[in-house]
Amino acid sequence: MLLNQHFYTGSAALLLLLLWSAIAPFDRTTWLLEVFPVLLAWPLLWRTRQSYPLTPLLYGLIFCHALVLILGGAYSYARVPLGFWLMDWFALDRNPYDKIGHLMQGFVPVLVAREILLRGAYIQGRRMLQFILLCIVLAISAAYELIEWAAAVMLGQGADEFLGTQGYAWDTQADMGFALLGAILALLLLSRWHDRQLVQLAAA
C-alpha cells in the first residue's frame, strides 16, 4: 500500500514537471528528444506496477533519472543552471550537466538490468552477473550515442542542442566513460541495499 502511494505521488510530481518543462523549453525539438525516454518508460511502469512491481529503490532512482532528463530537455544540457554552478565551483571550461545525464545513464539502468536478471535467475554467479551488467550498460550507452549520431545527420545544425558537445572532440567517449562509471558506482554503493529490497519484494 505504501509503495503504491509513493508511486502515485511520484507519478503526479513527474507529470507536473513534464508540463512545466513543456511550457517554454529552450528548443522544442530538443525537449522532445530529451524527454522521450520518460514518455516511453513511465507509462510502461504504470502499466506493470501490479503485475511486475519494482523495488522502491529502483522506482526512486528512475524518478531521479527522469528529473535529469526533464531538466535537460527544458533548458538544453549546455544551459542547465546546475551545470553553470558546477562550472563555477570546479573552474571548468564547459557546462558539465550532460555528464551528469550520462552518469545517470549508467547508474540507473544497471540496477534495472540487475533487478530483472536476479528476479528471473537468468545468470548464475555474481562475477558473471557484474560483467554482464556492465556490458549491458555499455551497450545502452553505445546505442544512445548512435541515436545522437542519427539525430545529427537528420537535423544537421538543429541537433547541436541535443548533442550538447560544446565543441568537445571526445564527447562520445567521455559520455560512455561516465555511463560506465555510474554503473560501477551503483553496483558498489547500492547492491546490498538492492538485495535486501529484492528479498522483501519476493516475500510480499
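Look a little higher up for the structure.
Bear in mind the structure is a predicted one, so any value in this text is a computation, not a measurement.

Tallying secondary structure elements over the chain gives 9 helices and 0 strands in all. Secondary structure of the chain in N-to-C order comes out as α-α-α-α-α-α-α-α-α. In terms of overall size, the chain behaves like a compact globule, its C-alpha atoms giving a radius of gyration of 18 Å where 204 residues would be expected to give roughly 17 Å. Projected onto its principal axes, the C-alpha coordinates of the chain cover approximately 50 × 35 × 35 Å. Residues classed as buried in the chain amount to 40% of the 204 residues present. Put simply, of all contacts in the chain between residues at least 6 apart along the chain, 72% involve residues at least 24 apart. Across the chain, the centroid of the 12 positively charged side chains sits 16 Å from that of the 13 negatively charged ones.

With that out of the way, let us pick up the packing of helix H3 (residues 56-75) against helix H9 (residues 171-203). Axes are the key here: two packed helices are described by the angle between their axes and the distance separating the axes. At a minimum axis distance of 8 Å, the contact between H3 and H9 shows a crossing angle of 125°. Compared by their axis directions, H3 and H9 come out oblique. In this structure, H3 uses Pro 56, Leu 57 and Leu 61 to contact H9, whose residues at the interface are Leu 190, Trp 193, His 194 and Gln 197. For the contact of H3 with H9, the residue count by class is 5 nonpolar, 2 polar and no charged.

In this model, Ala 91 sits at a positive phi of 55°, which is unusual for a non-glycine residue. Within the secondary structure layout, Ala 91 lies in the loop between helix H4 (81-89) and helix H5 (97-107). Classification of Ala 91 by relative accessible area gives exposed; the value is 69%. Of note in the backbone geometry, Ala 121 takes a positive phi value of approximately 50° without being a glycine. With respect to the helices and strands, Ala 121 occurs in the loop between helix H6 (109-119) and helix H7 (126-155).

A few words on the side chain of Gln 105. Mapped onto the fold, Gln 105 is located in helix H5. With residues up to four places along the chain from it excluded, the contact list for Gln 105 reads His 65, Ser 141, Tyr 144 and Ala 179.

There is about 1100 Å³ of room inside the largest pocket. Taken together, 39 residues line the largest pocket, and the ones lying closest to its centre are Pro 37, Ala 41, His 65, Leu 69 and Pro 109. Listed by contribution, the elements that provide at least two residues to the lining of the largest pocket are helix H2 (28-47), H3, H5, H6, H7 and helix H8 (160-163). Grouping the amino acids of the lining of the largest pocket by side-chain chemistry returns 29 nonpolar, 6 polar and 4 charged.

How each quantity is defined
- Residues numbered from 1 in each chain as written.
- Predicted model: local features only at pLDDT ≥ 70, side-chain atom pairs only at ≥ 80, totals over all residues.
- Heavy atoms only, no water.
- Helix = DSSP H or I, 4+ residues; strand = E, 2+ residues; numbered from the N terminus.
- Rg over C-alpha atoms; globule rule 2.2 N^0.38 Å.
- Buried < 20%, exposed > 50% of the residue type's maximum accessible area, 1.4 Å probe, protein only.
- Contact = heavy atoms within 4.5 Å.
- Lys, Arg positive; Asp, Glu negative; His and termini not counted.
- Charge placed at Lys NZ, Arg CZ, Asp CG, Glu CD.
- Axes fitted to C-alpha atoms, helices over the stretch in contact; angles between N-to-C directions.
- Parallel < 35°, antiparallel > 145°, perpendicular 65-115°, else oblique.
- Nonpolar A, V, L, I, M, F, W, Y, C, P; charged D, E, K, R; others polar.
- 1 Å grid on protein atoms, 1.4 Å probe; cavity = no way out; pocket = protein on both sides within 12 Å on 5 of 7 lines; lining within 4 Å.
- Points joined across faces, edges and corners; volume = space filled by probe spheres on them.

So far we have only geometry, and geometry alone does not tell us how the molecule works.
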